[in-house]
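# Structural overview for review
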Amino acid sequence: MSELLFMEPVFKEAIWGGSRLHEVYGYEIPSDHTGECWAISAHKSGDGTIASGTYKGKTLSWLWDNHRELFGERATGDVFPLLVKIIDAKADLSIQVHPDDAYAAAHENGSLGKMECWYILDCDEDATIVIGHNAKDHDDLVRMIGEKRWGELIRQIPIKKGDFFQINPGCVHAIKGGTLILETQQSSDITYRVYDYDRLSDGKPRPLHVKQSIDVIEAPFRPDAGEAPQVLVDDGHVKKTRLVTCPRYTVEKLDVIDAWEETFPDGFVNVSVLEGEGSLNGIAIRKGQHFIVPAGYGPCRFDGKISLICSWPE
Ligand code: ZN
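Notes on the structure follow.

The next thing to look at is the overall build of the protein. Of the regular secondary structure elements, the protein holds 6 helices and 23 strands. A globule of 314 residues ought to have a C-alpha radius of gyration of about 20 Å, and the protein, at 19 Å, matches this closely. Projected onto its principal axes, the C-alpha coordinates of the protein cover approximately 60 × 40 × 40 Å. Across the protein, contacts joining residues at least 24 apart in sequence account for 70% of those joining residues at least 6 apart. Element-wise, carbon and sulfur atoms account for 49% of the exposed surface of the protein, whose accessible area totals about 14,200 Å². Computed over 33 positive and 49 negative side-chain charges, the inter-centroid distance for the protein is 3 Å.

Structure (structure tokens):
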């Protein structure tokens, strides 16, 4: 009988970070400028460890390398493919873009590219987010960046709690201050900053990557062509919503009202508990925990009032 793999997250400080990861989830954070909780990660820049059970203290990358059977037959890549984060943006993140797999493989030492998606956990009343730009074509983009016409260039949209956004490689974007987000992404740490508000970090500006940004930003901007989130079950016991399915991952939200038995697809599933407490097959789970349901675990019986985000690679 396999067991759930509860994760010990890794925390990252940032000039734009805050203290809500402690205030909202009770995590022990390194400072009140903590920007990211790498909740389920085997990336070398933040390799999470298993919190309890048979594999307590082992890193997720070690498990991937030595116990591939936990991840299922389709888990064939060199690296654990996904990374689940909670981001506390007290201030604005840089205006940035990520490469796709092909560009990252060629220019970033064989790294994965980065497709990512955001579930808005909480935000200020008038919060916005940057997704896409207003340049007509690539030449226009180069001109606007060169002339620093940021206000005109970026496409800023209002957000509210519960919104969901898919960010494809090549889509310029920025999380703005006052926003708490759960991000599901490819396991990659490659970010090209095109503009950082002329801020200083430790007395100097953070590096920009204007050339790479111009290489990878798609112009003109085209909104993601995927489907809008789709309610799959809403029966008084659970509301199950498919947030996105794309070539790299599927992400679903489960709002369990009292009890629900979920049969996940074959392979492993990442689970983050956003709200509430309850149990999974009799094992206590509560807000702020993140775990992996291993391949072959079987049906998952949830009891209690709990909200979860679940993801798996495609
Ligand atoms: Zn990003």
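Moving on: the coordination of the zinc ion. Taken together, His98 (NE2), Glu116 (OE), Glu116 (OE) and His173 (NE2) make up the protein donors of the zinc ion, found 2.0 to 2.8 Å from the metal. Between consecutive donor residues of the zinc ion, the sequence gaps follow H-x17-E-x56-H. In this pair, His98 is assigned in the loop between strand 8 (95–97) and helix 3 (101–107) and His173 in strand 13 (residues 173–175), connecting sequence segments 75 residues apart. His173 sits in the buried class, given a relative accessible area of 1%.

Let us now look at the side chain of Thr184. Along the polypeptide, Thr184 turns up in strand 14 (residues 179–186). The contact partners of Thr184, leaving out residues within four places of it in the chain, are Leu83, Met115, Glu116, Cys117, Tyr249, Val251 and Ser311.

Right, let's get into the sheet that holds strand 12 (residues 164–167). The strand order across the open sheet built from 6 strands is 2-3-7-14-9-12, with neighbouring strands paired in antiparallel fashion. Only two strands of the sheet have a single neighbouring strand rather than two, namely strand 2 (10–18) and strand 12. Each strand of the sheet is rotated relative to its neighbour by a mean of 25 degrees, with strand direction disregarded. With 4 bridges joining them, strand 3 (residues 34–40) and strand 7 (residues 82–89) adopt antiparallel strand pairing. Opposite Ile40, over in strand 7, you have Val84 as the bridge partner.

Tallying each qualifying case throughout the model produces 20 salt bridges. Here Asp140 makes a salt bridge to Arg143, at a shortest N to O gap of 3.2 Å. Residue Asp140 and its partner Arg143 are both found in helix 4 (residues 138–146); the two are separated by 3 residues, about one turn of the helix. Across the pair Asp215 and Lys211 runs a salt bridge whose closest N-O atoms are separated by 2.9 Å.

In this description, a pair of aromatic rings is defined by centroid distance and the angle of the planes. Going through the model one piece at a time under the given rule, you end up with 13 aromatic pairs. Aromatic side chains Tyr25 and Tyr27 sit 5.6 Å apart centroid to centroid with 25 degrees between the ring planes, which places their arrangement in the stacked category. When sorted by exposure, Tyr25 lands in the same class as Tyr27, which is buried. Through successive ring pairs, a cluster of aromatic residues spans Trp64, Phe71, Phe80 and Phe268. Across the ring face of Trp62, the terminal group of Lys58 is positioned such that the distance to the ring centre comes to 4.5 Å.

This part takes up unusual backbone geometry. Backbone torsion omega between Ala219 and Pro220 reads -5 degrees, so that peptide bond is classified as cis. Structurally, Pro220 is set in the loop between helix 6 (210–216) and strand 16 (230–234). Look at Lys148: it is not a glycine, yet its phi comes out positive at around 55 degrees. Summarising the element assignment, Lys148 is placed in the loop between helix 4 and helix 5 (150–153).

On to the environment of Trp16, then. Position of Trp16 among the secondary structure elements: in strand 2. The spacing of Trp16 and Leu93 is 77 residues in sequence and 6.3 Å in space, taken between C-alpha atoms.

Here strand 14 lies mainly inside the structure; 8 of its 8 residues are buried. As paired strands, strand 7 and strand 14 are joined by 8 bridges and run antiparallel to one another. Its bridge partner being in strand 14, Ile87 is matched across the sheet by Ile181.

Turning our attention to the state of the cysteines. Under the criterion given, the structure shown has 0 disulfides. Here Cys37 is not cross-linked by a disulfide; its sulfur's nearest cysteine counterpart is in Cys117, at 16 Å. Since its relative accessible area comes to 0%, Cys37 is described here as buried. Cys123 takes part in no disulfide bond, and the closest cysteine sulfur to it belongs to Cys117, at a distance of 17 Å.

Here we come to helix 4. Looking only at helix 4, the buried set comprises Asp140, Leu141, Met144 and Ile145. Within helix 4, the buried residues cover an arc of 130 degrees as seen down the axis, which keeps them to one side. What points out from helix 4, more than 90 degrees from its buried face, is the exposed set Asp139 and Gly146. Elements that come into contact with the buried residues of helix 4 comprise strand 10 (128–133), helix 5, strand 15 (192–195) and helix 6. Among the residues trailing helix 4, Lys148 stands out with phi positive, at a value near 55 degrees.

What counts, and where the lines are drawn
Positions within a chain are numbered from 1, following the residues in the order the chain's sequence is written. The model is predicted, so local features are restricted to residues of pLDDT at least 70 and side-chain atom pairs to those at 80 or more, both for listing and for counting; the totals for chains, interfaces and linings are taken over all residues. As a rule here, side-chain values come from all non-hydrogen atoms in the structure, and water together with hydrogens is ignored. A helix here means a DSSP run of H or I that spans at least four residues, while a strand means a run of E at least two residues long, and both kinds are numbered starting from the N terminus. Radius of gyration: C-alpha atoms only; globule rule: 2.2 Å multiplied by the number of residues to the exponent 0.38. Note on contacts: a residue pair is in contact if any heavy atoms of the two residues lie within 4.5 Å. Per-residue and other accessible areas follow the Shrake-Rupley method at a 1.4 Å probe size, with only the shown protein chains counted as cover for residues. Counted as positive: Lys and Arg. Counted as negative: Asp and Glu, with His and the chain ends omitted from the count. For this purpose, a charge sits on NZ of Lys, CZ of Arg, CG of Asp or CD of Glu. Because water is not among the atoms used, a metal site may look incomplete, as its donors are only the N, O and S atoms within 2.8 Å, or 3.2 Å for Na, K and Ca. Note on classification: 1.4 Å probe, protein chains only; a residue is buried when its accessible area is under 20% of the maximum for its type, exposed when over 50%, partly exposed between these limits. One requirement defines pairing of two strands: DSSP has to find at least two bridges between them. Axis definition: a line fitted to C-alpha atoms, over the contacting stretch in the case of helices. Angles run 0 to 180 degrees between N-to-C directions. In the sections that follow, a salt bridge refers to a side-chain nitrogen of Lys or Arg positioned within 4 Å of a carboxyl oxygen of Asp or Glu. Two aromatic rings from Phe, Tyr or Trp, using only the six-membered ring of Trp, form a pair when their centres are within 6.5 Å; if the ring planes differ by under 30 degrees the pair is stacked, by over 60 it is edge-to-face, and anything between is tilted. Placement of a charge over a ring requires the Lys NZ or Arg CZ to be within 6 Å of the ring centre, with the centre-to-atom vector within 35 degrees of the ring normal. Any pair of cysteine sulfurs within 2.5 Å is marked as a disulfide. Here, the arc refers to the directions that run from the helix axis to the C-beta atoms.

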